[in-house]
Structure formats: structure tokens, C-alpha cells
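Understanding the architecture of this molecule
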Amino acid sequence: EHNIGYRLQFNSALGSYKGGLRFDVTVNEDILKFLGFEQIFKNALTGLPLGGGKGGSDFNPKGRSDSEIRSFCWVFMVEMYHYIGIEVDVPAGDMGVGGREIGYMMGMYKELTHRSEGAMTGKDPLICESFCRTAATGHGAVYFARAMLRESGKTLAGLRCVVSGSGNVAEHTARKLVSEGAVVLTLSDRTGYLYKEAGLTTGDIDAIIAHKDTDANLDTIAISGATFTVGKPWQAVVADGYFPCATQNEIDVADAKAIAKHAVLVVEGANMPLSNEAVAVLHDAHIPHAPGKASNAGGVAVSGLEMAQNAAHYPWSADEVEAKLIAIMENIHELCRIEGGTDWGIDYVGGANIAGAKRVLAAMKVLGW
């Protein structure tokens, strides 16, 4: 079997290249290029010294043994280690790459370089992962949504939400929403979505994630009070908040038109889950819509905090990390508000683009680039 691996390095004006590694059959050069380009401005919005990059492979980890995944991670690192390092490029996880995979790659990095530097983030706590890193993207999206609602005097309590996906981001977005008093109506995968009118409980989410961890699909699980439907939830489920947390381009024009009839807000947990045409529909309908470069920046933000802890050889407590995450997400929201103000409200997409680009271009000017 042969797979193609990539590491794309885009812009290091603000700091070391930074961006996740994705293992999925859909991975190709084009996808990684658009994700990596967006990563530049997402990282800039965090206020941390991070450049932009992305990487991965079309290797499919689903259904593989632990030994097969370890072997692939080792071989991938044998090629990638030439191009990474704490002052050069610091990859993290993404779709199909979690703490296990990062650990295997770090093991090979240490074997090859004889160094223990924090050349990757998203590691197991035993090897200096930051507390809260696994949950950071999902939690950050919810904190951003909380700031968006505050603009109109609303809170998350009682907000009926559609969440797509059932991976790491979707799981922790759903858990955090429930803890904030919101009602999570759905989780999904490539086979369809589970819908529960009364809202998924923490126990339901536990059962769903445990089921998915066996590589099974949602069409084979029974959750009390929930129904499974083939397809996507966007046009079928009426809600207040929509949180696409699965993958890129999961919401098209028809989906966006349906969402615009009911939505109080749309918050991207995934990377670019709306097509350009879908973004335009929400913009024209004046629906508050947070792009991933703003609302899902929590993951890379805590990766940046992990780099700081690695450099100091000293871990921070979970409470310290969570407090810093909240502060970063609040600051990103403020940047969007300042740069995206319109006569009808905040244009979060425009505000995030302008704020991110300003910081990157200012750094390039200082460097004479």
C-alpha cells in the first residue's frame, strides 16, 4: 500500500509554522493548501507568535490496528522530521490525528533527532501536552458563541443547537453547550445524524463517542428518545444555533437558505464547513456567522500555550489554561467587532479576515518582506 504525505509551510512572519496534520482519504494537495492558507490568519487572530502551515496524508486510520497506525506514523515522521522543530514548524493534530498518533510521531522524532524539544503539540499529558488541549477547539467555539450572543443581550441557556460531526471538535462543542444550558439536538457522521427533541444528555454523548471509538457508525447505535436519519440535518432540523463541526464544505446554498430562516447564529467548529456561496447567503440575510478562523481558533491557541509550557518545561493547571483560552476567544471576538462593524451588526467573516490580514501584513512589513 502506498500513501502520499504532505507538509505545507505558508508564512512564518509571526513565528514558527503552525497547523494540524490530517489523516483521511479525502486529503490531497488542494485541500491542504486552502486549509493552510486560512491557518495563517487564524493563527494571527490568536495574538500568539505563530505562522501558518498544514499537512497530512490520504492514509485512512479507520479500521486499522494500533500496530498499523504506529507503523504509518513512524514512516511519516521519517520524512517529515527534516522540516520541523520548535523554532521552525510545530505540527499538531487534526482529523484522524489525536494524542495517540502525535505520541507515535514524537517517539520517532526523538529517535531520529536525539532531542526532546516540543516539536509537536497535542501530545499526551505524560509527554507534556497542555491540559485542555483536546477540548480546546470545541470549548473555544462555545466561548465565541457566548460572546456573539452577548451582543444582543442573549445567553446560551435554552439555545436549541444543531451540532454536526461526532469527532473531537463536535464532542467537546456538544459537551460544553450542554454544560452552559443549551439544548444539543444532533450529532452526525457520514452515514447520517441522530436527532433528539429533548436534547442529548452528557450520558448520551458518552455513549455516542464510545460507539464511534469502535469505528462503528451512528446508524448502528440506539439512544433513548433519539432517531437516526440518513443525510444532513441542516434543512430538516429547526434550531437557534448551528455549529458545523464535521468537515469542509458540509453546508451548501440550499442548506444555508434553510438555516437563514431560523438561525440566531452560525458558529464554525470545523475548518471552512460552508461553501463560498453558502457564506454569501448568510451574509445577505444578516445572520451572525463566525468563520472557523475566528471561532475554532481555540485549538491552535492552546497549542501555542502548549509550546510556551514546553519551552519553560513547566505545565500549567487546567484552570490556568482554560482562563487563558477564554481571554483569547474574547479578544478575537473584539477584533471581529472592531473590524467588522456594519449598520446591521457585526460581519464576523469580514472582521476576522481584516484583523488577521492586518497582523500578518504588519509583521511582513517589519521584516522587509
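Scroll up to find the structure this text is about.
Read on for an overview of the structure. Computed from a predicted model, the values in this text were never measured in an experiment.

Examining the overall build of the protein
A tally of regular secondary structure across the protein gives twelve helices and 13 strands. What you see for the protein is a C-alpha radius of gyration of 20 Å, in line with the 21 Å of a compact globule of 369 residues. The C-alpha extent of the protein, read off along each of the three principal axes, is 55 × 50 × 40 Å. Split into buried and exposed, the 369 residues of the protein put 54% on the buried side. In the protein, the share of contacts with a sequence separation of at least 24, taken over all contacts with a separation of at least 6, comes to 71%. Counting only carbon and sulfur atoms, one obtains 55% of the accessible surface of the protein, whose full area is about 15300 Å².

Some words on the side chain of Thr173
Looking at the element boundaries, Thr173 is found in helix α5 (residues 168-179). Within the structure, Thr173 has its side chain in polar contact with the backbone oxygen of Val169 (distance 2.8 Å). Those residues in contact with Thr173, other than ones at most four positions away along the chain, are Gly138, Ala141, Val142, Phe243 and Cys245.

A few points about the packing of helix α4 (residues 133-150) against helix α10 (residues 298-312)
Their axes nearest at 7 Å, the elements α4 and α10 cross at an angle of 145 degrees. Between α4 and α10 the crossing geometry is right-handed. Across from Arg133, Ala136 and Thr137 in α4, the residues of α10 making contact are Gly298, Gly299, Val302, Ser303 and Glu306. Residue classes in the contact of α4 with α10 are distributed as two nonpolar, four polar and two charged.

Let's talk about helix α6 (residues 202-212)
Taken residue by residue, α6 has Asp204, Ile205, Ile208, Ile209, His211 and Lys212 as its buried positions. In an axial view of α6, the angular spread of the buried residues amounts to 160 degrees, which keeps them on one side of the axis. Those residues of α6 hidden inside the fold are in contact with α5, β6 (183-189) and β7 (192-196).

A short note on the pairing of strand β3 (residues 52-57)
Counting buried positions along β3 yields six of six residues, so the element is predominantly enclosed. Side chains Gly52, Lys54 and Gly56 project from β3 onto one buried face, and the interleaved Gly53, Gly55 and Ser57 project onto a second face that is buried too. Two strands pair when backbone bridges link them, and strand β1 (residues 5-11) and β3 are joined in this way by six bridges, in the antiparallel orientation. Each residue of the ladder has a partner; that of Arg7, found in β3, is Gly55. As paired strands, strand β2 (residues 17-23) and β3 are joined by three bridges and run parallel to one another. Its bridge partner lying in β3, Phe23 is registered against Ser57. Following the backbone out of β2, through helix α1 (residues 29-45) and into the adjacent parallel β3, one traces a crossover that is right-handed.

Some points on the nonpolar core
Grouped together as the largest cluster of nonpolar side chains are 55 residues, with contacts concentrated most on Phe144, Leu177 and Ile332. Take this core: its biggest share by element is eight residues, from α4. When near neighbours in sequence (up to four residues on either side) are disregarded, Leu177 contacts Val142, Leu156, Cys161, Val163, Ala182, Val184 and Phe243. Ranked by size, the runner-up nonpolar core spans 19 residues in total, among them Met77, Val97, Tyr104 and Ala119.

Describing the sheet that holds strand β5 (residues 160-163)
Pairing is mixed in the open sheet, where seven strands are placed in the order β8-β7-β6-β5-β9-β10-β11. Of all strands in the sheet, those bounded by a partner on one side alone are β8 (226-229) and β11 (289-290). The pairing of β5 with strand β9 (residues 241-243) spans three bridges and is classified as parallel. Following the sheet pairing, Val163 is matched in β9 by Phe243.

Points about the environment of Gly96
Its place among the elements puts Gly96 in the loop between β4 (89-93) and α3 (99-113). Each C-alpha atom of the pair Gly96 and Lys62 lies 8.2 Å from the other, and the pair is 34 residues apart in sequence. In contact with Gly96, other than residues within four places in its own chain, are Phe23, Pro61 and Glu101.

What about the pairing of β6?
In terms of burial, β6 is a largely internal element, seven of the seven residues being buried. With three bridges joining them, β5 and β6 adopt parallel strand pairing. Across the sheet, residue Val162 finds its bridge partner in β6, namely Thr186. On the question of chirality, the crossover connecting β5 to the parallel β6 by way of α5 is right-handed. Note that β6 and β7 share four bridges and pair antiparallel. Looking across to β7, one finds that Asp189 is bridged to Gly192. Linking β6 back to β7 in an antiparallel pair, the connection comprises two residues.

Rules used throughout
Residues numbered from 1 in each chain as written. Predicted model: local features only at pLDDT ≥ 70, side-chain atom pairs only at ≥ 80, totals over all residues. Heavy atoms only, no water. Helix = DSSP H or I, 4+ residues; strand = E, 2+ residues; numbered from the N terminus. Rg over C-alpha atoms; globule rule 2.2 N^0.38 Å. Buried < 20%, exposed > 50% of the residue type's maximum accessible area, 1.4 Å probe, protein only. Contact = heavy atoms within 4.5 Å. Areas by Shrake-Rupley, 256 points an atom, 1.4 Å probe, with all protein chains shown as cover. Polar contact = N/O pair within 3.5 Å; in protein donor to acceptor, adjacent residues only side chain to side chain. Axes fitted to C-alpha atoms, helices over the stretch in contact; angles between N-to-C directions. Left-handed = near helix turned anticlockwise from the far one by under 90°. Nonpolar A, V, L, I, M, F, W, Y, C, P; charged D, E, K, R; others polar. Arc of directions from axis to C-beta. Pairing = 2+ DSSP bridges. Right-handed = clockwise from strand over helix to strand, strands pointing away. Core = buried A, V, L, I, M, F, W, Y, C linked by side-chain atoms within 4.5 Å.

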